[in-house]
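# Observations on the model geometry
The primary structure of each chain is shown beneath.
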Amino acid sequence: MTLQDKIRNFSIIAHIDHGKSTLADRILEFTGAVGTREMREQFLDNMDLERERGITIKLQTSRLVYRADDGKDYVLNLIDTPGHVDFTYEVSRSLAACEGAVLVVDATQGVEAQTLANVYLAMNEELEILPVLNKIDLASAEPERVKAEIEDLIGLDTENAPLISAKEGIGIKDVLEDVVKHVPPPGGDPDGRLKALIFDSYYDNYRGVVIYARVFDGSVRKGDMIRLMNTGRDYEVTDVGYYAPMPVDTDILTAGDVGFISASIKHVADARVGDTVTLAAAPADAPLKGYKKAQPMVFCGVYPAEGEKYESVKDAIEKLQVNDAAFQFEPETSTALGYGFRCGFLGLLHMEIIVERLEREFGLSIITTSPSVIYRVVMADGGVEMIQNPSNLPELDEIGHIEEPIVKADIMIPKEYVGAIMDLCQDRRGTMLHMEYVTESRVLLHYELPLNEVIYDFFDALKSKTRGYGSLDYEFVRYQESKIVKLDILLNKEQVDAFSMLVHESKAYFRGKFVTEKLKEIIPRHQFEVPIQASIGQKVIARSTVKAYRKDVIAKCYGGDISRKRKLLEKQKEGKKRMRQFGSVEVPQEAFTAVLKYDENK
Amino acid sequence: MKTSDESSPIGVYIHIPFCAHKCRYCDFTSFPIGDAGTHLAYIMQVIHEMRAKRPLLSGGSARAPEADTVYIGGGTPSLIEAGFVTELLDAVYAGFRVSDDAEITIEVNPGTTDAEKFRRYFAAGVNRVSVGAQSFHAGTLGFLGRIHRPEETLRCVWDARDAGFDDINIDLIFGVPGQSLSDWAGDLAAAAALDPAHVSFYSLQIEEGTPLFEDFVCGAIDAADDILDRRMYHFAKERLAARGLCQYEISNSAKPGKASRHNLKYWSMEPYAGFGVGAHSYFGGRRFSNTSELACYLSAESGVAMMDWTHKNTLSDDMSEFIFLGLRRTAGIELSRFRAHFGRDFWEIYGEETEKLIGRGLLEKIGDVLRLTALGLDLANNVFSEYV
């Protein structure tokens, strides 16, 4: 096996779009792990959706061999990290598997909210952080300014920081030399009791769940009985190996190594990120620190759309969950939408990604309901209920008070947008903790915000109000008592449960007005007038009306052209099929998503 | 479906695609071409088409197929030389056994006719004239992009009458942006004063691809208000009925016995054969459409080459068309006839939809007849779309 001092385990961290994946691609290319010809853009991001959105959702890792300037060969384990605020925990576990992190900062943009968030995570894991300035080829690059920012904000020495262009392949070798020279080799006792950290896992049709692990102490071989310490289950190892970046089987993984273990585990949820792998026969004394159970923060209902089968949705959701331990679901029913699922996600992006995968990868037609957070409902009798589905809110007279989750949000913006963003945060019931000038031109706002204000459209609003320059990072801090009310929507006097939502009292009117106006645009005219009402309890707080149509007829007969008439009628019938029937009112499917969209003017 | 082609006489349609000027609302196949050379080439090609399609129409029989209606539509058939109309009808008489009491209609546009033309049409065997008046209000005509003045319509109708025509239809359009109810009342009164046997009254449809549609999309005009449109429609039905013209189809009223026999074929699943660019046909259980490209039509050597597409109607096509076309007539559809045609019970197939539509007040069943109610006439697409 490789001697430990020839191993370097490192990650690349960056704010979204600063070029992390491109740098990973170049490193793979440079070390010959992937030929230029077989190089797909962003090799490590292997889902189509990831490539399209330019963000990493699932991790991939790769073992590279690099001959350094000192003439020796080094094994570099590059551990990719997901690049979004929703996946902070997963990022932290990937970092825990490393000794060093390459911090990529866009030389045209400078330090952003997620740059800092990631740096703090890396610091928590006591990693050696190596700053790199990317996009140096662009005319707008300002390496000196950005270096100063990194020194001021993060306190890293940038004197020898490589100036690179991942896109153009400039400076890649400098980065690798830095890694070899400055990232410490892994420590750990190869003869000790096995302790390996799970930092990712995925489901493979042939191997079952494949664990990505970093071995800290001891070693693991094919045939060993392993134990996952937090779940307490034992499994027999069927294969071990590493990715280069294609899978390569080996005999053993030992202290300092990064690789994969497969052990006929059925669900990724059984091999949760952060758990510790040890040997059943000679278990370690204690698991590695830092394990957390996946904790969904955002929930919504997912229902088969008209003409879609419940079973197909169920199959797809189950398949997705096999590969995504953070995604949870349970069956639920809605009077309006029938049988469906209540799904839990790490955050809004996570939710959007899952929904999009259901639609695109599985070709499903689904309806999602308003996203919700979990409210802590303290009952009059002192009991506590955690409620995320508005329909499950207990009767008002049984409720003592309701608490909502609060997050600490770090928002980085160019200074000219401070006013607009402070207005936005205030509008979203935020409390400013403090504000700091990161540089002369950029400001970091620290706010506490109710999570339910963040999940609707906060990110869209932030992007739109800062022309895309604003960035956001948030984490849960506590539950706090709040005046939360249930807002119901009635169509033609009948409540449609799928539209119900829990909102702050101060927001109920605007929300109600927005939804009733939006539905008025979307619901087609009927033979009768359709009143749309928003109510809290019995009290109607907003109202709009879809007028009845008076005329719907093809007057002319087009000289015997029946096919044309038939096409028009078929189109009309098709449109009707895509409608959901609520009582006597027909509602197009898009109504459910449209009422959630950010609207600059509202 | 038991085809009635062999027993039912056919309706012959001839499309004349030429116009002096394209109207702003029109999306029919038409071309602003005025030169007699093109007209001649076109007429020759139509005559060629009639000959070429003869075997198809007679189903291999040696006898010429029987026809009891002929309709020369457009475009503007009155734009071309009257002599060409004579040529066309002679070709029809040569290719079909035209019955003695056949209805032979020509569409004319005011401003393109004179007394002599009508005399020649009459001599050629035409016995019905359909006048594209559209309106008698200069503002409305201007908006629609019509080239004629209201007085020209009067002249046109008088000339037709003088030439011997009794059977005269007047086409009107309502629901035009800017048109008031009193403007429309004026149009109806002016039309009624000419004592036509038949009036067609169309609610303006803003069709995609027309200049009117462009104006509508860019917001230069608003579509007429639904409520006003329906008031105009109801008003027209009543006014015309008071003058002895009873509604027999969504957009048509006529004196007793003067309903357009040709148009009734479209709504009754009877066979018709269309000749000319963009013309449609239905016979032998198939629907056909000719190409709507003039150059393509003119250069085609065979009848087949003129075709854009053909479609063999399935049983369900035929059943749905029987219903949604038949219901356009105020007489409705006879359920016993449905059974005789298709050998199946209407209620077994469409019971559920039909009950719902009756419940919504859009359809009514009177004995053997199912027909649209007054409300159903306003919301007919709602009914029809349930049967496609």
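Here is what the cut-offs are and how they apply
- Residues numbered from 1 in each chain as written.
- Chains lettered and ligands numbered in written order.
- Predicted model: local features only at pLDDT ≥ 70, side-chain atom pairs only at ≥ 80, totals over all residues.
- Heavy atoms only, no water.
- Contact = heavy atoms within 4.5 Å.
- Buried area = accessible area lost by both parts, 1.4 Å probe.
- Salt bridge = Lys/Arg side-chain N within 4 Å of Asp/Glu carboxyl O.
- Helix = DSSP H or I, 4+ residues; strand = E, 2+ residues; numbered from the N terminus.
- Nonpolar A, V, L, I, M, F, W, Y, C, P; charged D, E, K, R; others polar.
- Expected span 1.5 Å × (residues − 1).
- Core = buried A, V, L, I, M, F, W, Y, C linked by side-chain atoms within 4.5 Å.
- Buried < 20%, exposed > 50% of the residue type's maximum accessible area, 1.4 Å probe, protein only.
- Pairing = 2+ DSSP bridges.
- Axes fitted to C-alpha atoms, helices over the stretch in contact; angles between N-to-C directions.

All right, on to the interface of chain B and chain A then. Chain B puts 38 residues into the contact, and the matching count from chain A is 25 residues. Taken together, the two surfaces of chain B and chain A that pack against each other cover about 3,200 Å², and 51% of this comes from carbon and sulfur. Contact with chain A buries surface across chain B, with Asp-226, Asn-381 and Val-388 of chain B losing the most and accounting together for 18% of the total. The interface formed by chain B and chain A holds seven salt bridges in total. Of the charged contacts, one joins Glu-207 of chain B and Arg-564 of chain A as a salt bridge, the two residues approaching to 3.5 Å between their closest N and O atoms. Taken together, the elements giving at least two residues each to the side of chain B that touches chain A come down to strand S6 (198-203), helix H9 (226-242), helix H10 (261-267), helix H12 (315-326), helix H15 (374-378) and helix H16 (380-384) of chain B. Element by element, the count of residues in the side of chain B that touches chain A is highest for H12 of chain B, at five residues. Class assignment for the residues of the side of chain B that touches chain A results in 18 nonpolar, eight polar and twelve charged.

Between its first and last C-alpha atoms helix H7 (residues 310-322) of chain A spans 19 Å; for 13 residues at 1.5 Å apiece the expected length is 18 Å, and the two agree. Packed against the buried residues of H7 of chain A are strand S6 (195-204), strand S16 (298-304), strand S17 (328-334), strand S18 (338-345), helix H8 (348-360) and strand S19 (366-368) of chain A.

The subject of this paragraph is the nonpolar core. Counting residues in hydrophobic clusters, the biggest one holds 107 residues, and the most contacted among them are Ile-14 and Tyr-387 of chain B. Per element, the largest residue contribution to this core is seven residues, and it comes from helix H3 (residues 82-95) of chain B. When residues no more than four places from it in sequence are discounted, the contact partners of Ile-14 of chain B are Val-46, Met-50, Tyr-71, Ile-72, Gly-73, Leu-88, Val-92 and Phe-275 of chain B. Residues Met-351, Leu-358, Leu-445 and Leu-462 of chain A belong to the second largest nonpolar core, which totals 50 residues.

Per the counting criterion, the structure on display carries 56 salt bridges over all chains. With a closest N to O distance of 3.6 Å, Lys-265 of chain B and Glu-270 of chain B form a salt bridge. What makes Glu-270 of chain B partly exposed here is its relative accessible area of 28%. Through salt bridges with shared partners, a single ionic network connects Glu-112, Glu-142, Arg-145, Glu-149 and Arg-442 of chain A.

Glancing now at the environment of Ala-193 of chain B. Looking at the secondary structure, you find Ala-193 of chain B in helix H7 (residues 181-193). A sequence separation of 50 residues divides Ala-193 of chain B from Arg-243 of chain B, and the C-alpha atoms of the two residues are 9.5 Å apart.

A few words now on the sheet that holds strand S14 (residues 258-262) of chain A. All names here are of chain A. Taken together, the eight strands give an open sheet; going across it, the order is S10-S9-S15-S6-S7-S14-S11-S12, and neighbouring strands pair in antiparallel fashion. What marks the edges here is a single partner per strand, and that holds for strand S10 (233-236) and strand S12 (247-250). Here the strands of the sheet are splayed against their neighbours by 40° on average, with no regard to which way each runs. In this sheet, S12 lies alongside strand S11 (residues 239-243) in antiparallel orientation, the contact comprising four bridges. In the strand pairing of S12, Gly-241 is matched with Asp-249.

This part covers unusual backbone geometry. Residue and element names in this part refer to chain B. Cis geometry is found at the peptide bond from Gly-74 to Gly-75, where omega equals 20°. Its location among the elements puts Gly-75 in the loop between strand S2 (66-74) and H3. At Asp-195, a residue that is not glycine, the phi angle is positive and equals roughly 50°. Inspection of the secondary structure puts Asp-195 in the loop between H7 and S6.

What is shown is where atoms sit, not what they do.
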